[in-house]
Amino acid sequence: MSKLGVRSVIAVPYIWLLMFFLVPFLIVFKISFSEMQYAIPPYTDLVTWADEVLTINLNLGTYAYLINDDLYIRAYMSSVRIAFFATVCALLIGYPIAYAIARADTATRNALLMLVMLPSWTSFLIRIYAWVGILKNNGLINNGLIGIGIIDEPIAMLNTEFAVYLGIVYAYLPFMVLPIYTNLVKLDNSLLEASADLGCPPWKTFLTVTLPLSKAGIIAGCMLVFIPSVGEFVIPEMLGGAETLMIGKVLWQEFFNNRDWPVASAVAIVMLLLLLVPITFFHRYQARELES
Amino acid sequence: MQTGKLSNWSKWFLSLGFFFLYAPIIILVIFSFNKSELVTVWAGFSFRWYGELFRDPQMLGAAWISLKIAVLAASAAVVLGTMASIVMVRMGAFKGKTAFTSMITAPLVMPEVITGLSLLLLFVAMGQTLGWPGQRGMLTIWIAHVTFCTAFVAVVVSSRLQELDESIEEAAQDLGAPPWKVFFLVTLPIIAPALMSGWLLAFTLSLDDLVIASFVSGPGATTLPMQVFSSVRMGISPQINALATIIIGLASIAVLVAWWIARREGIRAVKISES
């Protein structure tokens, strides 16, 4: 290809991503150091030029505020905890599903895989909304249980942490199944046969051969569930109620309700730092997949 | 991996898994035909909520805006995503390639609140310094959607590009075709199905996005998820069940058609290789 051609093929997506993916983060970083003010835009400038004097106002107050007000620390901790346990649940449910699909013959396999993915092609919001009607106090489960006389009083399920776990596992399960399946399906059968021929019982073959060889799929699946879950807004908002504290919801409220852009920016920066390690982890795996 | 008949154990697990995935959706669909205002008490069959849905100008307006944005965003994302895949798969190392792949993979997992906030702040800063975009609305939502959809398209297309036999492209090149001609006459037709599924993926992602659109939208540009979200916040409404049923129906038809085409292609490929 001509030099110019090569350059422009690289340049167009590169510039787009720099402009609309990287630069925005730098701006968030910048605004996290400014102060809130009642104006348009609602934050102060970091650098001002007045009377031939250049002033740089770096306001570290927002970060001090995040540390001092324990709301934020609690929100970060509970987000990580909820995302972590939801990821473990999704893995425990998703792995056997992926395994069973990979064991099926080719035609069944594709049909099953399509059935796993189909819900995620419909609206995320609507699938979460479906659970509201099921979990409510006068919802399907409570009405059913009262109807058969197991309970007299409805069990509070909506607006609890349990509902948030359920929502995350439900919404993100396909993203756990898909990478594990992709990995398991490539597994060389002769390795399993060799292990069986050498007298290894099936459960041991699974633990010592299948599981370690599907590590890459497990990591990808876990990252695809964990990282977005930490910052999840829709699920805690709709299923978690006022009691569930999650950082995505805090950020949303700082921005839309309090209109405090610097605090929202600082919340985003700290969240990003927290997710840097898992994102790098995911990136390494993806880069190998994309470039190999 | 050993394939064949599913063990009883696998069948049990799959059935439970599919029950979990589909039960809420099926309940949603059933109650969309409920006569009663109460979403959870059955009071007889009726199309009442579909009628109300189609008479709701706000819902229809929002759906129209969402569809326009989704078509335009998916189309742009396919172009950018395909270029990005070629850069990643077909071009050797160059300065800044690691940064490039990071920017492609990071949006896949980036929490939406961060992406939304950062893009909004960019648009505000640009509006202040450059005077563009003066107002936020469909254009800013489109830019935001193109950006994250590009990443998903790039993943789909590059996995297809990797499987592609490079010798076919080399043959065309040896016969004197210039690179752009090789791409449009050889590569593109082969990867066309991947472009199609990339487009569909981007289209549904754009149609489905609530969080990012809420941040970067402005007055007059309310997308369908934003409209649904605000009406759900007011309380549960059977009209949303009707809308959900329509979306689920359309998505199922699209996926089934795609699956059927893929299967037919697969069968044809087997037949060709056997003959």
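A quick note: this is a predicted structure, and the numbers were derived from the prediction, not measured.

K.L.:
What's the story with the overall build of chain B in this structure? I'm lost.
P.N.:
Within chain B one finds 11 helices and 0 strands. Reading the helices (α) and strands (β) of chain B from amino to carboxyl end gives α-α-α-α-α-α-α-α-α-α-α. By principal-axis analysis of the C-alpha atoms, chain B measures approximately 70 × 65 × 30 Å. Out of the 275 residues in chain B, the part that is buried amounts to 51%. A sequence separation of at least 24 residues applies to 68% of the contacts in chain B between residues at least 6 apart. Within the structure as shown, chain B displays about 13100 Å² of accessible surface, and the carbon and sulfur contribution to it stands at 68%. Mean positive and mean negative side-chain charge positions of chain B (17 and 14 charges, respectively) differ by 6 Å.

K.L.:
When you look at the overall build of chain A in this model, what are you seeing that I'm missing?
P.N.:
A count of helices and strands for chain A gives 13 helices and 2 strands. A compact globule built from 292 residues should have a C-alpha radius of gyration of about 19 Å, whereas chain A, at 24 Å, is more than 25% larger. Its C-alpha atoms give chain A principal-axis dimensions of roughly 85 × 75 × 30 Å. Scored against the burial criterion, the 292 residues of chain A give a buried share of 53%. Partitioning the contacts of chain A with sequence separation of at least 6, the portion at a separation of at least 24 is 70%.

K.L.:
Could you clarify how one ought to interpret the interface of chain B and chain A in this entry?
P.N.:
On the side of chain A, 102 residues touch chain B, which itself brings 92 residues to the contact. Buried area between chain B and chain A, both sides added, is near 8700 Å², and the carbon and sulfur share of it is 81%. Our count for the contact surface shared by chain B and chain A stands at 1 salt bridge. One salt bridge connects Glu237(A) with Arg233(B), and the closest N-O pair in it is separated by 3.1 Å. Connecting chain B to chain A are 9 residue pairs in polar contact (both at pLDDT 80 or more). Sort the elements by how many residues they give to the side of chain B that touches chain A and helix α1 (residues 8–32) of chain B lands first, with 14 residues. When its residues are assigned to classes, the side of chain B that touches chain A shows 67 nonpolar, 22 polar and 3 charged.

K.L.:
I'm lost on the nonpolar core in this one. Help?
P.N.:
Looking at soluble globular proteins, one finds that nonpolar side chains tend to be buried together. Of all hydrophobic cores here, the largest spans 175 residues; its most connected members are Ile101(A), Ile235(A), Met238(A), Met271(A) and Phe215(B). Setting aside its immediate chain neighbours within four residues, Met238(A) contacts Leu125(A), Ile128(A), Tyr129(A), Val132(A), Leu158(A), Asn159(A), Phe229(B) and Val232(B).

K.L.:
Looking at this structure, how should I read the environment of Phe33(B)?
P.N.:
Mapping Phe33(B) onto the fold places it in the loop between α1 and α2 (48–54). A C-alpha to C-alpha distance of 7.5 Å links Phe33(B) and Ala242(B), two positions 209 residues apart in sequence.

K.L.:
Would you explain the pairing of strand β2 (residues 53–56) of chain A in this entry?
P.N.:
On a regular strand, one side chain projects to one face of the sheet and the next to the other, so that they alternate. Residues and elements named next belong to chain A. The sheet contact formed by strand β1 (residues 47–50) and β2 spans 4 bridges and is antiparallel. From the neighbouring strand, Ala-50 faces β2, where its bridge partner is Val-53. Connecting β1 to the antiparallel partner β2 that follows it, the hairpin turn spans 2 residues, and Asp-51 within it adopts a positive phi of roughly 50 degrees.

K.L.:
Explain helix α4 (residues 97–109) of chain B to me, please; I cannot follow it from the model alone.
P.N.:
Because each turn of an α-helix spans 3.6 residues, side chains separated by three or four positions in sequence point in the same direction. Here α4(B) lies mainly inside the structure; 10 of its 13 residues are buried. Among all positions of α4(B), only Lys97(B), Phe100(B), Thr101(B), Met103(B), Ile104(B), Thr105(B), Ala106(B), Pro107(B), Leu108(B) and Val109(B) are buried.

K.L.:
Where do I start with the packing of helix α3 (residues 57–90) of chain B against helix α10 (residues 224–233) of chain B in this structure?
P.N.:
Any two packed helices are characterised by the angle at which their axes cross and by the distance between the axes. Residues and elements named next belong to chain B. It is the contact of α3 with α10, at a shortest axis distance of 7 Å, that shows an interaxial angle of 145 degrees. For the pair α3 and α10, contact is made by Gln-58, Met-59, Ala-62, Ala-63 and Ser-66 and by Leu-224, Pro-225, Gln-227 and Ser-231, respectively. Among the residues forming the contact of α3 with α10, the class breakdown is 5 nonpolar, 4 polar and no charged.

K.L.:
Explanation requested: the packing of α4(B) against helix α6 (residues 138–163) of chain B in the structure shown.
P.N.:
Residue and element names in this part refer to chain B. As a packed pair, α4 and α6 sit with axes 8 Å apart at the nearest point and diverge in direction by 105 degrees. The pairing of α4 with α6 is recorded here as roughly perpendicular in orientation. On the side of α4, the interface is formed by Ile-104, Pro-107 and Leu-108, while α6 contributes Phe-148, Ala-151, Phe-152, Ala-154 and Val-155. Per-class residue counts for the contact of α4 with α6 are 8 nonpolar, no polar and no charged.

K.L.:
What am I meant to see in the pattern of salt bridges here?
P.N.:
A side chain with one charge can pair with a side chain of the opposite charge if their charged atoms come near. All names here are of chain B. Applying the stated rule across the entire model yields 7 salt bridges over all chains. Between Arg-90 and Glu-166 there is a salt bridge; the shortest N-O distance is 3.9 Å. Separated by 76 residues along the polypeptide, Arg-90 in helix α3 and Glu-166 in helix α7 (residues 166–174) bring together distant segments of the chain. For Glu-166, a relative accessible area of 42% translates into the label partly exposed. Arg-90 is paired through a salt bridge with Glu-169; the nearest N and O atoms lie 3.0 Å apart. Taken together, the positions of Arg-90 in helix α3 and Glu-169 in helix α7 put the pair 79 residues apart, joining distant regions of the chain. Counted as one network, the salt bridges with shared partners bring together Arg-90, Glu-166 and Glu-169.

Conventions used here
Residues numbered from 1 in each chain as written. Chains lettered and ligands numbered in written order. Predicted model: local features only at pLDDT ≥ 70, side-chain atom pairs only at ≥ 80, totals over all residues. Heavy atoms only, no water. Helix = DSSP H or I, 4+ residues; strand = E, 2+ residues; numbered from the N terminus. Buried < 20%, exposed > 50% of the residue type's maximum accessible area, 1.4 Å probe, protein only. Contact = heavy atoms within 4.5 Å. Areas by Shrake-Rupley, 256 points an atom, 1.4 Å probe, with all protein chains shown as cover. Lys, Arg positive; Asp, Glu negative; His and termini not counted. Charge placed at Lys NZ, Arg CZ, Asp CG, Glu CD. Rg over C-alpha atoms; globule rule 2.2 N^0.38 Å. Buried area = accessible area lost by both parts, 1.4 Å probe. Salt bridge = Lys/Arg side-chain N within 4 Å of Asp/Glu carboxyl O. Polar contact = N/O pair within 3.5 Å; in protein donor to acceptor, adjacent residues only side chain to side chain. Nonpolar A, V, L, I, M, F, W, Y, C, P; charged D, E, K, R; others polar. Core = buried A, V, L, I, M, F, W, Y, C linked by side-chain atoms within 4.5 Å. Pairing = 2+ DSSP bridges. Axes fitted to C-alpha atoms, helices over the stretch in contact; angles between N-to-C directions. Parallel < 35°, antiparallel > 145°, perpendicular 65-115°, else oblique.

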